[in-house]
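Remarks on the overall topology
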Amino acid sequence: LLRFTAGVFEQWRENAAESRRMATVMGKVVSRMRNVELAGAFERWCENAAEIRRVSALMTRVLLRIKNMDLAGAFQRWRENAVDCRRMKKVVRNVSVRIGNLELV
């Protein structure tokens, strides 16, 4: 009976040790799975952050281009007005010269 009990106890001890070993292994497997999930989530976050930076830079360029277009439009209108002003001065000068010539005759 003592030998049988000792054999059963030894079998129980081996099973308990195997269970502890399997629990440790399973804990490591679960930990690795969690790490993979976390790494994936972090990778997606990094990709999203990079996309946000890219879109932000693109929007800044678009807004600057619109601002420059407004500025260029205003400059173009000023230039056209300056040309018109010079042309009108010449016309006024020519008309005043003709008026002066008419009075002399």
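Summary of the structure given here. Computed from a predicted model, the values in this text were never measured in an experiment. (Residues numbered from 1 in each chain as written. Predicted model: local features only at pLDDT ≥ 70, side-chain atom pairs only at ≥ 80, totals over all residues. Heavy atoms only, no water.)

1. Quick notes on the overall build of the chain
This is how the line gets drawn: Helical segments are the DSSP runs of H or I of at least four residues, strand segments are the runs of E of at least two, and each set is numbered from the N terminus. Radius of gyration: over C-alpha atoms. The globule rule applied is 2.2 Å multiplied by the number of residues raised to the 0.38 power. Accessibility here uses a 1.4 Å probe with only protein chains present; expressed as a share of the type maximum, an area under 20% marks a residue as buried, one over 50% as exposed, and anything in between as partly exposed. Every accessible area reported is derived by Shrake-Rupley at a probe size of 1.4 Å, with residue values counting cover from the shown protein chains alone. His residues and chain termini do not enter the charge count, which takes Lys and Arg as positive and Asp and Glu as negative. For this purpose, a charge sits on NZ of Lys, CZ of Arg, CG of Asp or CD of Glu.
Summing up its helical and strand segments, the chain has one helix and zero strands in all. Its C-alpha atoms give the chain a radius of gyration of 45 Å, clearly above 13 Å, the size a compact globule of 105 residues would have. For the chain, buried positions account for 2% of its 105 residues. Of the roughly 10,200 Å² of accessible surface on the chain, a fraction of 64% belongs to carbon and sulfur atoms. Between the mean site of the 21 positive side-chain charges and the mean site of the 11 negative ones, the chain shows a separation of 8 Å.

2. Topic: the pattern of salt bridges
Keep this limit in mind: Salt bridge, as applied in this entry: a Lys or Arg side-chain nitrogen positioned within 4 Å of an Asp or Glu carboxyl oxygen.
For the coordinates displayed, the defined rule picks out three salt bridges. With its nearest N and O atoms 2.9 Å apart, the salt bridge here joins R21 to E18. Note that R21 and E18 are positioned in helix α1 (residues 2-104) at a spacing of three residues, about one turn of the helix. For R21, a relative accessible area of 45% puts it in the partly exposed group.

3. Quick word on a positive patch on the surface
Under the convention used in this document: Patch membership is restricted to residues that have no salt bridge and whose relative accessible area is over 30%. Joining uses 9 Å for like charges and 5 Å for the nonpolar side chains Val, Leu, Ile, Met, Phe, Trp and Tyr.
There is a patch of like positive charges on the surface, built from R86, K89, K90 and R93. One can find K90 in helix α1. Exposure remark for K90: the relative accessible area of 53% places this residue in the exposed category.

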